[in-house]
Each structure stands twice: as structure tokens, then as C-alpha cells.
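So the chains spell out like this:
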Protein chains: 2
Amino acid sequence: MKAEIDRRRLIALLAGSVLTHTTLASALGPARRMPRVDALRLQGTLERLSTFGRPAGGSFADGVSRVAYSDADVAGRAYAMALMREAGLDPGIDAAGNITGRRAGSGRSLPPIVMGSHIDSVPSGGNFDGQLGSMAALEVVQTLNDHRITTRHPLEVTLWSNEEGGPVGSGATVAAVPAEALDRKFGGISMREGLRKIGGDPDRIADARRAPRSLHCYLELHVEQGNTLETHAVKIGVVDGIVSIDEYDVEIRGFANHAGTTAMAERRDALLAAAQLVEAVRDVTTRTPGRQVGTVGRFEVFPNAPNVIPGLVKLSIEFRDLSDATVARLGAEVAERARQISARTGTEISIVRSWRDDAALATPAIQRQIEASAAALGLNSMHLPSGAGHDAQNLAKLGPMGMIFVPSVGGISHSPRELSRWSDCADGADVLLQTVLRVDRIELGAGA
Amino acid sequence: MKAEIDRRRLIALLAGSVLTHTTLASALGPARRMPRVDALRLQGTLERLSTFGRPAGGSFADGVSRVAYSDADVAGRAYAMALMREAGLDPGIDAAGNITGRRAGSGRSLPPIVMGSHIDSVPSGGNFDGQLGSMAALEVVQTLNDHRITTRHPLEVTLWSNEEGGPVGSGATVAAVPAEALDRKFGGISMREGLRKIGGDPDRIADARRAPRSLHCYLELHVEQGNTLETHAVKIGVVDGIVSIDEYDVEIRGFANHAGTTAMAERRDALLAAAQLVEAVRDVTTRTPGRQVGTVGRFEVFPNAPNVIPGLVKLSIEFRDLSDATVARLGAEVAERARQISARTGTEISIVRSWRDDAALATPAIQRQIEASAAALGLNSMHLPSGAGHDAQNLAKLGPMGMIFVPSVGGISHSPRELSRWSDCADGADVLLQTVLRVDRIELGAGA
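Computed from a predicted structure; not experimentally measured. (Residues numbered from 1 in each chain as written. Chains lettered and ligands numbered in written order. Predicted model: local features only at pLDDT ≥ 70, side-chain atom pairs only at ≥ 80, totals over all residues. Heavy atoms only, no water.)

**Topic: the overall build of chain A**
When helices and strands are counted, chain A shows 12 helices and 18 strands. By the compact-globule yardstick of 22 Å for 448 residues, chain A fits well, its C-alpha radius of gyration being 24 Å. Along the first, second and third principal axes, the C-alpha set of chain A runs to 80 × 50 × 50 Å. Intrachain contacts of chain A at a sequence separation of at least 6 include 79% that bridge at least 24 residues. Summing over all exposed atoms, chain A offers an accessible surface of approximately 16,500 Å²; the carbon and sulfur share of this is 52%. Counting 49 positive and 52 negative side-chain charges, chain A places the averaged centre of each group 4 Å from the other. (Helix = DSSP H or I, 4+ residues; strand = E, 2+ residues; numbered from the N terminus. Rg over C-alpha atoms; globule rule 2.2 N^0.38 Å. Contact = heavy atoms within 4.5 Å. Areas by Shrake-Rupley, 256 points an atom, 1.4 Å probe, with all protein chains shown as cover. Lys, Arg positive; Asp, Glu negative; His and termini not counted. Charge placed at Lys NZ, Arg CZ, Asp CG, Glu CD.)

**Let's talk about the environment of Val250(A)**
Residue and element names in this part refer to chain A. Relative to the helices and strands, Val-250 is located in strand β9 (residues 244-253). Sequence separation between Val-250 and Ala-274 is 24 residues, and the spatial gap between their C-alpha atoms is 9.3 Å. Beyond its immediate sequence surroundings of up to four residues, Val-250 is in contact with Leu-277, Val-313, Lys-314, Leu-315, Ile-317, Ile-349, Ser-350 and Ile-351.

**Brief notes about the pattern of salt bridges**
All names here are of chain B. What the rule picks out here adds up to 38 salt bridges over all chains. Linking Glu-156 and Arg-210 is a salt bridge whose minimum nitrogen-to-oxygen distance equals 3.1 Å. One end of the pair, Glu-156, is in strand β4 (residues 155-159); the other, Arg-210, is in the loop between α6 (191-197) and β7 (217-223), with 54 residues separating them in the sequence. When its relative accessible area of 22% is taken as the criterion, Arg-210 is described as partly exposed. (Salt bridge = Lys/Arg side-chain N within 4 Å of Asp/Glu carboxyl O. Buried < 20%, exposed > 50% of the residue type's maximum accessible area, 1.4 Å probe, protein only.)

**Focus on the domain arrangement of chain A**
Residue and element names in this part refer to chain A. Taken domain by domain, chain A comprises domain 1 (1-32), domain 2 (36-242 + 360-439) and domain 3 (244-357). Averaged C-alpha coordinates put domain 2 and domain 3 at centres separated by 35 Å. Listed per partner, the contact involves 13 residues of domain 2 and six residues of domain 3. Interface area, domain 2 with domain 3, both sides summed: about 640 Å², of which 55% is carbon and sulfur. (Domains from an automatic or database assignment. Buried area = accessible area lost by both parts, 1.4 Å probe.)

**Observations regarding the packing of aromatic side chains**
Residues and elements named next belong to chain A. Applying the stated rule across the entire model yields 13 aromatic pairs over all chains. Relative to Tyr-79, the ring of Phe-52 has its centre 5.5 Å away and its plane inclined at 35 degrees; by these criteria the two rings are tilted. Of this pair, Phe-52 sits in the loop between α3 (39-49) and α4 (71-86) while Tyr-79 sits in helix α4, and the two are 27 residues apart along the sequence. Across the pair, Tyr-79 and Phe-52 agree in class, each one buried. Centre to centre, the rings of Phe-60 and Phe-128 are 5.8 Å apart; their planes meet at 85 degrees, and the pair counts as edge-to-face. Taken together, the positions of Phe-60 in the loop between α3 and α4 and Phe-128 in the loop between β3 (113-117) and α5 (131-146) put the pair 68 residues apart, joining distant regions of the chain. The rings of Phe-60, Phe-128 and Trp-422 are connected pair by pair, giving a single aromatic cluster. (Phe/Tyr/Trp six-rings, centres within 6.5 Å; stacked < 30°, edge-to-face > 60°.)

**Some details on the side chain of Asn394(A)**
Residues and elements named next belong to chain A. One can find Asn-394 in helix α11 (residues 391-395). Under the relative-accessibility criterion, Asn-394 is labelled buried at 7%. Excluding residues within four positions of it along the chain, Asn-394 makes contact with Pro-167, Ser-170, Gly-171 and Val-174.

**Topic: the relation of the copies chain B and chain A**
One copy of the chain maps onto the second through a rotation about an axis and a displacement along it. For these two chains of identical sequence, chain B goes onto chain A by a turn of 180 degrees and a shift of 0.1 Å along the axis, with RMSD 0.1 Å. Taken together, these values place the two copies in the relation of a two-fold axis. Among all C-alpha atoms of chain B, that of Ala275(B) lies closest to the rotation axis, at 2.1 Å. Mapped onto chain A, 100% of the interface residues of chain B are again interface residues, and the two copies thus contact each other with one and the same surface. (Least-squares fit on C-alpha atoms with pLDDT ≥ 70 in both.)

**Here's the deal with the interface of chain B and chain A**
With 52 residues of chain B at the interface, the matching set in chain A holds 52 residues. Surface buried jointly by chain B and chain A totals about 4,400 Å² across both partners, of which 57% is contributed by carbon and sulfur atoms. The three residues of chain B that bury the most area against chain A are Met264(B), Arg282(B) and Pro306(B), which together make up 15% of that side's buried surface. Where chain B touches chain A, the interface holds zero salt bridges. Summed over the shared surface of chain B and chain A, the result is 18 residue pairs in polar contact (both at pLDDT 80 or more). (Polar contact = N/O pair within 3.5 Å; in protein donor to acceptor, adjacent residues only side chain to side chain.)

**As for the pairing of strand β18 (residues 401-406) of chain B**
Residue and element names in this part refer to chain B. For β18, the tally of buried residues reaches six of six residues, placing the bulk of the element in the interior. Going residue by residue along β18, you find Met-401, Met-403 and Phe-405 tucked away on one face and Gly-402, Ile-404 and Val-406 tucked away on the opposite face as well. Across six bridges, β7 lies against β18 in parallel orientation. Across the sheet, residue His-222 finds its bridge partner in β18, namely Phe-405. Looking at chain direction, strand β8 (residues 236-242) and β18 are connected through two bridges and run antiparallel. Residue pairing for β18: Gly-237 is matched across the bridge by Phe-405. (Pairing = 2+ DSSP bridges.)

**What about helix α10 (residues 364-376) of chain B?**
Residues and elements named next belong to chain B. The end-to-end C-alpha distance of α10, which contains 13 residues, comes to 18 Å, matching closely the 18 Å that a straight helix rising 1.5 Å per residue would cover. The complete set of buried residues in α10 reads Ala-365, Ile-366, Gln-367, Gln-369, Ile-370, Ser-373 and Ala-374. The secondary structure elements touched by the buried residues of α10 are β7, β8, β17 (381-386), β18 and α12 (422-439). Of the residues flanking the end of α10, it is Gly-378, one or two places downstream, whose phi is positive at about 75 degrees. (Expected span 1.5 Å × (residues − 1).)

**Overview of the confidence of the model for chain A**
Scored by pLDDT, chain A has a mean of 91; 92% of the residues are at 70 or more. For the stretch residues 1-32 of chain A, pLDDT sits under 50, and the model shows 47 contacts to residues farther than four places along the chain or on other chains. (pLDDT = per-residue confidence, 0-100.)

**A short note on unusual backbone geometry**
Here the amide bond leading from Phe302(A) into Pro303(A) is cis, since omega sits at 0 degrees, within 30 degrees of zero. Mapped onto the secondary structure, Pro303(A) falls in the loop between β12 (299-302) and β13 (308-309). Cis geometry is found at the peptide bond from Gly166(B) to Pro167(B), where omega equals 10 degrees. Checked against the element boundaries, Pro167(B) lands in the loop between β4 and β5 (185-186). In the Ramachandran plot, Ser109(A) falls in the positive-phi region, its phi being about 60 degrees despite a non-glycine side chain. Tracing the sequence through the fold places Ser109(A) in the loop between β2 (99-103) and β3.

**A word on the packing of helix α5 (residues 131-146) of chain B against α12(B)**
Two quantities define a packed helix pair, namely the angle between the helix axes and the distance between the axes. Residues and elements named next belong to chain B. For the pair α5 and α12, interaxial distance at closest approach is 9 Å and the crossing angle is 55 degrees. Taken together, α5 and α12 sit at an angle that is classed as oblique. Here α5 and α12 pass one another in a crossing that is right-handed. Only Cys-425, Ala-429, Leu-432, Leu-433 and Leu-437 of α12 make contact with α5, whose side of the interface consists of Leu-132, Ala-136, Ala-137, Val-140, Thr-143 and Leu-144. Per-class residue counts for the contact of α5 with α12 are 10 nonpolar, one polar and no charged. (Axes fitted to C-alpha atoms, helices over the stretch in contact; angles between N-to-C directions. Parallel < 35°, antiparallel > 145°, perpendicular 65-115°, else oblique. Left-handed = near helix turned anticlockwise from the far one by under 90°. Nonpolar A, V, L, I, M, F, W, Y, C, P; charged D, E, K, R; others polar.)

So, in C-alpha cells, the structure goes:
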């Protein structure tokens with residue numbers, strides 16, 4: 001049986017992936033002593049999942065639009081629940097629409113090890129973000145089933161609902177959801193309607209809350225979505241934590257006037273001020289070394305006609321770093337620059353913070369188990385922060401947390417061109433499996 | 001009769017306007033020797049015209065939306081035609097939707113003096129742009145009627161259709177209209193449908209062409225739409241000409257990627273490049289002295305989400321100056337800056353010229369008559385270019401052309417806040433009347 005699995009895995013590696021020394025080693029070497037995931041089975045579930053929300057007439061390479069609460073989301077969730085039932089996990093849906101299946105452990109009254117991720121996508125997204133971690137968690141359970149291994153702690157697999165919109169579903173497990181949040185629209189329907197559509201219950205959303213310390217730990221495998229691992233030719237990323245995010249809504253008010261009749265010296269051009277602010281964001285972010293990032297992504301000009309001097313620009317600024325203090329400092333520096341730009345251009349600039357995600361640090365003891373698992377599998381690893389938000393940032397509020405990254409080809413994400421090699425996906429799932437087995441044997445108290 | 005007119009005019013000045021020494025002089029002084037327009041009647045027609053397209057529940061101060069081919073445009077045109085009939089001008093509509101009424105002259109087979117402007121507006125526009133020149137031309141005819149004055153040349157008053165969209169109606173009198181131009185949409189309906197709606201005939205649009213040299217001259221009174229006259233405390237602008245306009249469509253292509261996971265050094269941020277281009281437009285425009293203007297008015301960012309690095313920006317650049325050479329030089333300088341920005345930011349920048357209006361110079365002999373008319377009325381005057389396009393730029397292709405400007409309060413235009421003082425409107429109409437009487441007596445050959 002094991003020889004058969006290894007042979008199928010080797011064929012998969014040869015067929016679908018670049019064959020590297022690490023993947024070869026993992027297929028032929030330590031595998032004789034360790035249970036290994038079925039790489040082909042994992043690839044199969046990801047490929048099948050990719051068909052729910054695939055553009056009409058498209059292929060795997062055309063990515064997916066499986067926005068939360070859409071028909072594609074409903075169909076993908078039904079498929080995932082069928083997989084759970086196949087794996088012996090009897091899945092249920094909580095009031096926030098999160099799907100959880102449970103596998104019993106041998107230890108009486110121990111809290112569960114929770115693995116999870118999400119299967120909703122951004123519009124025109126890729127086939128790996130969230131989906132790899134979700135299918136890999138199920139693959140870990142199937143592999144344990146194949147090898148008749150029972151862990152001490154119960155295992156739970158949770159597919160969090162509407163990660164791309166928040167993360168929303170995992171957020172509901174750690175904090176109260178304000179009534180007005182239920183009116184927010186996602187892909188045209190409100191969260192309230194959406195929850196009903198996917199089997200949740202907006203009227204009882206408070207029931208989705210989980211008590212702190214109610215789990216042994218939370219583990220999530222994810223594609224990096226950046227190119228740090230690829231650049232360093234490293235297979236496994238050990239996530240230090242998820243960055244802090246401050247997002248600001250900015251409004252710049254000048255005066256709209258006729259582009260032909262208003263002398264340059266008389267203008268109060270909101271777009272000119274906004275252009276200077278875009279450059280200021282870049283400048284304050286890059287003038288000190290570090291991994292911090294600063295982005296102006298939303299940018300709207302009014303009245304937006306070729307022959308009218310812009311009177312109003314609305315834009316977003318966001319800063320991210322693992323250090324909350326760095327993120328706060330960048331915001332203060334840009335606010336000072338904005339005051340100078342305002343004075344220079346005769347415009348009014350208002351900056352209001354619209355969002356704050358505090359940094360969520362991964363538990364050091366779990367980071368060590370991920371490193372050890374990678375090493376045992378012959379995979380090199382490195383530490384890095386997650387610049388993207390993840391459900392894990394919410395789960396970190398309930399107990400110990402760890403995240404595993406695998407390389408994203410070209411660092412591309414939230415795009416149909418998002419890609420991770422099948423061999424890297426299987427390596428990541430194997431690290432997840434080994435990490436589950438390792439943390440199952442240790443205590444993970446506060447400050448672990 | 002004349003004493004009665006002067007008394008009414010004085011009351012109007014006292015009631016509705018700031019009383020200045022110039023308006024007082026024009027009401028009491030030289031008026032005994034010159035025919036003068038009826039300021040109250042002119043104000044009345046402008047106020048009545050403002051009700052067609054006025055926002056529901058609004059007042060004169062709320063401006064007007066009388067976009068070409070709209071129901072408001074149809075209603076405004078009907079009102080203007082009724083005024084023409086009252087003034088003894090039997091109005092007709094040509095294939096391009098232009099309304100023309102004619103008053104016979106005493107000279108046999110002399111070409112007409114044409115006065116005109118437009119009554120269509122931009123969405124949420126003001127009550128003076130085009131409308132003053134239109135109602136003033138009718139007021140000049142009424143004043144000549146009141147005084148039983150017959151000019152040597154016939155007089156024509158033309159209200160050009162859809163000035164704000166082109167100028168479209170006056171354009172059809174000087175050049176062939178391509179078939180595809182008839183499909184262009186204005187306020188939701190095509191020019192073809194629009195022309196039928198206002199009494200034109202898209203199938204016979206070529207009939208709107210006029211032969212060169214078929215008119216004695218074209219005269220247009222207009223609000224300045226800038227603040228040069230106001231800044232210099234001058235009552236009458238003698239327009240040197242209408243500026244040349246080059247407009248460019250620009251596309252900047254970077255690479256859209258996740259704002260959290262893409263290191264600053266790895267980014268190809270289309271918005272950063274666009275911001276630098278906005279500053280370059282400002283810089284090349286202002287580094288040499290002169291009245292040239294450069295504007296980025298349309299600016300769109302894709303995909304336009306706070307957490308995605310912009311991959312594409314589309315924007316417009318336009319340059320205006322009375323010198324075609326200056327406008328061309330500014331375009332070349334910005335193209336060179338764009339090459340530098342492209343190299344620096346890792347983006348591709350394409351710049352395509354989408355529009356060119358050559359400068360239209362006003363006829364010097366008419367400029368001199370406008371100056372002399374203002375002086376005779378006790379009004380100070382100055383020369384200035386028109387930074388905005390006008391129907392006069394098309395008519396300049398058919399024969400001698402002159403334009404008269406009156407001050408715009410605050411230089412505001414294309415806005416409900418567009419405003420010119422009633423006394424300044426009347427002064428402008430008086431200058432138009434005197435200029436008509438003066439040019440009626442002189443030859444205006446080529447190079448006049």
C-alpha cells in the first residue's frame with residue numbers, strides 16, 4: 001500500500017511538476033518511516049474544486065470566481081462537505097456559515113487541533129489561495145485514515161466562510177458581529193441574505209463565538225502570495241505572524257474649474273495634491289529598511305472629465321508590517337506629509353483610519369515544530385511574515401497558532417495567474433501532517 | 001421713450017447689481033447719443049431661460065442641466081424660437097439642429113453679420129455660458145427694432161446646437177460630419193436620434209455646410225469663464241483668439257498584485273508612475289512663462305481596490321495655448337518625461353493624441369471695433385485669449401470673427417456657481433450692439 005502510494009506520488013511528480021532534489025528525496029527517502037499525503041489525490045480535489053466558479057468555457061488556468069455567498073460558493077461548499085463525509089468527518093455549518101468536521105482523538109476531553117482555511121475567492125481569483133489549505137487539511141485526515149493513525153487530540157477541519165470579505169466567518173468566532181455588518185453587501189447580496197443562502201443563521205450569529213483556550217492550536221497551510229520563498233529557492237515558509245494593517249480613507253478637496261480658462265497659478269487641483277501624496281506614501285515606506293509595505297490601491301477622481309480640473313480625489317492608503325508600532329509611525333509620517341502638500345497646493349486633505357488589524361504573532365513552539373517537520377522531510381525552510389490577512393489572525397485570539405507557506409510562482413496572487421507547483425502543494429501538506437502529529441504530542445500553554 | 005428705457009435701466013442697475021462708475025456712466029452719459037440695450041429685458045430672458053433644465057425645486061442659483069438633445073434642451077429651444085418670432089426674426093432649423101433667424105439689411109446682396117452662441121449646457125452647469133451670448137444677440141435685434149435702425153448688412157442670429165459636445169452644430173457648418181459621429185451618445189441618446197428630436201435631419205446633415213466667405217463676419221459675446229478680467233478689474237475682454245488644444249489618451253501598464261505580499265522593491269505600480277506623470281504635466285507647463293495650461297482631468301485606476309497594487313491607469317492630458325507650436329512642444333516634453341518615468345517605474349506608458357483643435361485667431365479689424373465700442377461706452381477693456389473652445393472657432397473658418405468677453409465672478413464656470421453681474425451682462429450686450437453697428441460700416445476683407 002505504501003509502496004503503491006509512493007509510486008503514484010512519484011508519477012505525479014514526474015508528470016506534473018519540476019522534479020527537484022527535495023521532492024525526489026521526500027518521495028523516495030524518509031517516506032518509509034513517515035506517513036505521507038497522497039499528492040495525486042490532493043491535486044485531484046483541487047482540480048475538481050476549481051470547476052465551481054470557473055469562467056464559462058475556461059480551463060484550470062483561467063482561475064475562479066467563487067465570491068462568498070455566490071452560487072459558485074454554494075456549489076463549492078457542497079463539494080467540500082461531500083469530501084468531508086468521505087473522510088469520515090460529519091460536517092456541520094455554524095451560524096456564521098463556517099463548515100466544521102471533527103475526527104475523534106484518543107485522549108479524553110482534550111481540546112481539538114483545528115486545521116482550516118477557506119474556499120471562497122476574490123472575483124477573478126486563482127485556484128490556490130485558501131483552497132490549498134482547505135483541501136490539504138482534508139488530505140491530512142484522509143492520510144491519517146489510510147494509515148489508521150489516531151491522534152491524542154481530536155482533529156477539526158474548518159472551512160471559514162467569506163475570508164476574502166474580512167475575514168468574516170472566522171471573525172464571528174472571536175468577536176460579536178455588529179447588526180449593521182449583516183447589511184454589508186458581498187457580490188451584490190447582503191451578508192444576512194448570504195448567510196441564509198449558505199446554511200448559516202444571521203439571527204443567531206452570536207452562537208458562532210468560540211471560547212478562548214477552547215482549542216489545542218490552529219494550523220493553516222497557505223500559498224505565500226508573494227515571491228520571497230521563490231526568490232530564496234526555499235520550499236517551506238515558517239510564518240512569524242500576520243502583519244498589522246492600518247487602512248485610511250483620504251479625501252482631497254480642491255476646486256473643480258474649467259481646464260481651459262483657469263490659469264495654472266489660480267488652480268487648486270485635487271489630483272496634483274493626490275499625486276504628491278501617492279509619492280509620499282512610497283517615500284515614507286521605503287526610506288527605512290524593513291519589510292513594511294505602503295499602498296494606494298483605490299483612487300477616484302471627480303468630476304473625471306478631460307477638460308475639468310479635478311476638484312475632489314478619494315483614495316485609500318494602507319500600511320502593513322509585523323510591528324504595530326511601525327505601521328502607526330508610517331501613518332503619522334504620511335499625515336505630516338499631507339499637511340505640507342495641503343498647504344502647498346491649496347487643497348484640504350482629510351485622513352480617517354477606516355480599518356485596523358493588529359499583528360497576530362505565530363506561537364514560537366509551533367514555529368519550531370513546523371521547522372522540524374520540514375527538516376525531517378528534507379525540505380529547506382525560512383521564517384517570514386505574512387503580508388496578507390488570513391483566518392489564522394482571528395484564531396490566534398483563541399489559542400496557539402501556526403501557519404505554513406509554500407511558494408507562489410512569480411509571487412502572483414488574487415489573479416487567475418496565481419500558481420503553486422503540485423509538488424510544492426504536496427510538500428506543504430506533508431509538513432502540515434507532520435506538524436499535526438508533532439503538536440499532538442506536546443503542551444502548548446500560554447507563551448509556548 | 002428713450003428716457004423711459006434709461007430710467008428702467010438705472011432701476012435695474014440699482015436693484016440687481018453692484019453700481020460702479022462705469023455702469024453709472026453708461027446709463028446716464030453717452031446713452032443719449034447711442035442706442036442701448038434694455039438691461040432688464042435681457043435679465044428677464046436669461047432668468048426665464050434658466051427655468052428650462054433647472055433642478056427640481058431649485059432657484060436661479062442652482063444652475064441648469066440643459067444637455068443637448070434633452071427634454072430641457074427642446075423646451076429651451078422652443079422658448080428661444082418664440083423670442084425670435086417676437087423680435088421679427090423668422091427662425092428656421094438647419095439639418096444640424098442650428099436655429100437661425102434673419103433680419104433684412106438695407107444693402108442689396110450684402111452677406112450677413114452673424115451673431116450667435118448656444119443654449120445647451122453641461123450637466124449641472126450655470127446660467128451664463130452660451131446663454132448670455134444667445135439672449136444678448138436677440139436683445140441687440142430688439143434694441144435695433146425699438147430704435148427703428150436698419151443695418152446695411154442683413155443680421156442673423158444663430159443658436160448653435162450641442163456646443164458643449166464639440167462644438168458640434170457649428171462644426172457641421174464648416175466640415176463634413178463622419179457617419180460614425182452620428183452614433184456618438186450625448187446624455188444617453190445618439191446624435192442621430194438627438195438631431196431628429198430637436199428638428200434637425202441626420203440624413204441630410206451635409207446641407208448644414210456653409211460656403212467660406214458667405215458672411216460679413218461672426219460676432220459672439222460670452223462670459224470669460226476665467227478670472228483674468230475680474231483680477232484686473234476690467235469690464236470688457238477683447239478676445240485675441242481661441243486657443244489650440246491637444247488632448248492625449250494615456251495608458252500606463254504596471255502589474256496588479258497583492259498589496260500585502262509584494263515587497264516595495266518588486267512592485268510595478270501603475271499609479272506611482274501616473275502620479276509622477278501628473279507632476280510632470282504641471283512642471284513642463286509652468287517652467288516657462290506664458291498663459292499655456294496643462295491638465296490631467298480624467299484619471300481611472302484599475303482594479304481600484306485598497307489591497308491591490310494598481311496594474312493599469314488610464315488618464316487624459318490636455319494642453320492649451322494660443323500658439324500651436326507651444327502646445328506641440330508641451331506634448332513632446334511630456335512624452336520625454338513619460339519615457340523617463342516608464343524606465344524608472346518598470347511600467348509601460350502609451351500616449352496617443354485623441355484630439356486637436358488648431359488655434360482660431362480673431363480678426364484684428366474686429367478686435368479694434370470691439371475696443372472702440374467699449375471705449376465709446378466708457379468701459380475699460382483688455383486683450384486676452386479664450387482658453388475655452390467656442391462656436392466662434394468654427395465660424396472663423398468661414399470669415400472674419402470677433403469675440404467679446406465679460407467678467408465671470410470668481411472665474412467659475414461649468415458649475416451652478418457660474419455667475420456674471422447683470423450690469424456686466426448689459427455692458428457686454430451694449431458692446432455687441434455697438435460693434436455690430438461699427439462693422440456694418442466697414443469692409444472686412446482677408447487679413448483685415
